[in-house]
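Structural description and commentary
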Amino acid sequence: MNATPTHKPKIFRPEDVDYERPKRGLDEDDLRKQPTIYRDDMLAGKTILITGGGSGMGKATALLAARLGAQVAICGRDEEKLQTTVKLVKEEVGSDVLSVGTNIRDADAVEALIGKVHDHFGGLDTLVNNAGGQFPQDAIDFSRKGWLAVIDTNLNGTWWMMQEAAKRWREDGKPGNIVNIVANVERGMPQAAHTCAARAGVIYLSKTLATEWAQWNIRVNCIGPGVIETEGFRMYPEEALARFHKANPMKQRGNAWDVAEMIAYLASPAARFINGDLIVMDGGQAQWGVVWPAGMPDYFSEDGAA
Ligand SMILES: CCCCC/C=C/C(=O)SCCNC(=O)CCNC(=O)[C@H](O)C(C)(C)COP(=O)(O)OP(=O)(O)OC[C@H]1O[C@@H](n2cnc3c(N)ncnc32)[C@H](O)[C@@H]1OP(=O)(O)O
Ligand SMILES: NC(=O)C1=CN([C@@H]2O[C@H](COP(=O)(O)OP(=O)(O)OC[C@H]3O[C@@H](n4cnc5c(N)ncnc54)[C@H](OP(=O)(O)O)[C@@H]3O)[C@@H](O)[C@H]2O)C=CC1
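Everything numeric here is computed off the predicted structure, so don't read it as measured data.

Turning next to the environment of isoleucine 178. Position of isoleucine 178 among the secondary structure elements: in strand β5 (residues 176-181). Residues isoleucine 178 and threonine 126, spaced 52 residues apart in sequence, show a C-alpha to C-alpha distance of 5.7 Å. Excluding residues that lie within four positions of it along the chain, isoleucine 178 makes contacts with Leu127, Asn129, Met162, Ala165, Ile218, Arg219 and Val220.

Now for the packing of helix α2 (residues 56-67) against helix α3 (residues 79-93). Describing two packed helices takes the angle between their axes plus the distance from one axis to the other. Between α2 and α3, whose axes approach to 10 Å, the crossing angle comes to 30°. Overall, the two elements α2 and α3 adopt an arrangement that is roughly parallel. At the point where α2 passes α3, the crossing takes the right-handed sense. Two secondary-structure elements touch here, α2 through Lys59, Ala62, Leu63, Ala66 and Arg67 and α3 through Thr85, Leu88, Val89, Glu92 and Val93. Looking at side-chain class alone, the contact of α2 with α3 contains 6 nonpolar, 1 polar and 3 charged residues.

In the vicinity of ligand 1 there are 23 residues, among which Gly133, Phe135, Gly146, Ala192 and Gly232 approach most closely. With 5 residues, helix α5 (residues 144-172) is the largest single contributor of residues to the shell around ligand 1. Across the shell around ligand 1, the residue classes tally to 12 nonpolar, 9 polar and 2 charged.

To continue, consider helix α6 (residues 193-212). For α6, with 20 residues, the first-to-last C-alpha span of 28 Å sits near the 28 Å given by 1.5 Å per residue. Among the residues of α6, His194, Thr195, Cys196, Ala198, Arg199, Val202, Ile203, Ser206 and Leu209 are the ones counted as buried. Looking at the buried positions of α6, the neighbouring elements they touch are α5, β5, β6 (218-225) and β9 (278-281).

About the cut-offs
Residues numbered from 1 in each chain as written. Chains lettered and ligands numbered in written order. Predicted model: local features only at pLDDT ≥ 70, side-chain atom pairs only at ≥ 80, totals over all residues. Helix = DSSP H or I, 4+ residues; strand = E, 2+ residues; numbered from the N terminus. Contact = placed C-beta atoms within 7 Å. Axes fitted to C-alpha atoms, helices over the stretch in contact; angles between N-to-C directions. Parallel < 35°, antiparallel > 145°, perpendicular 65-115°, else oblique. Left-handed = near helix turned anticlockwise from the far one by under 90°. Nonpolar A, V, L, I, M, F, W, Y, C, P; charged D, E, K, R; others polar. Near = placed C-beta within 6 Å. Expected span 1.5 Å × (residues − 1). Buried ≥ 20, exposed ≤ 12 C-beta atoms within 10 Å, placed from the backbone.

Set out below in structure tokens:
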């Protein structure tokens, strides 16, 4: 059934929708066709590990990195999703992706993952902490379990990954490079306060580690995407999605390939002097609009209550 929901649900659960949802983001056919400005051996000899590599930005990054010559490892919780990336890269580039089912909230599993990547490829050059997410809700209504789930994934999970990778780099005397995918938090994130708190934590953790870990030649940077259309948009109601892109002055949505190209740049030698930075990719949203991922409350509309 095709229908546009007219109500604003207090809690939106993607599994509960009873209307057909449009395709979101670049699918595999789209990804196969994306051009790149980079030289095709730009990442030759490099190993890159991408968390959340089974979908969205993680999948696009895995494909681009492989096209640029990198050895690629991915992780995520859903084995079926991970295998779609393995298959895509094999078909497109001919190389094998190392896929390791891992919940980044589990510190022991993260330690095992980093070990497997080292055993398989003999080292790691770039870690991309892309896994994460949240659900849209007014903060006042967050359940304790919901708050903990979002903080545990986006802050703790990212930290376990960073610490384990850095321990190995220090032990091996090898340089390291970390790229953390965060979000656009400069002016807060109404209806996503849990993720805002976690991502702000990651940004300042990264700035701190960029100094502490420079002695071991480990760089740490963040990318702050604005509205990037991916299959992850399923987490949001259609009525909210309809105005997502209106939160930036370009009135556009980015795509997963935009972010993948920035990650590839940060993984390349061209970025060797970038450390402790946050690169915002949001079409100017940080200076301008608010996303309201659960739908804008009437109070904030132009003719809402003052
Ligand atoms: C935010 C504005 C920016 C707009 C642009 C940003 C876009 C994106 O980030 S797109 C990428 C989106 N992708 C995702 O968010 C995918 C990953 N997300 C998740 O997997 C979940 O949201 C998660 C972070 C909560 C994962 O936790 P997990 O423990 O796996 O999930 P559970 O389903 O077991 O839920 C635990 C707990 O969390 C509360 N909760 C979960 N979903 C909702 C919801 N839709 N609304 C309200 N509360 C929710 C709830 O308390 C859950 O416990 P139970 O009640 O026992 O189910
Ligand atoms: N799209 C956007 O507009 C924006 C996205 N972001 C962030 O960018 C990142 C990529 O998002 P996007 O590609 O859009 O969305 P997706 O939902 O497609 O990607 C999120 C990935 O994270 C993985 N993941 C989630 N939780 C865990 C976990 N506990 N352990 C391991 N893997 C996990 C998921 O895999 P699996 O299900 O297999 O576990 C999934 O592949 C996310 O952190 C997202 O929040 C930030 C700002 C804007």
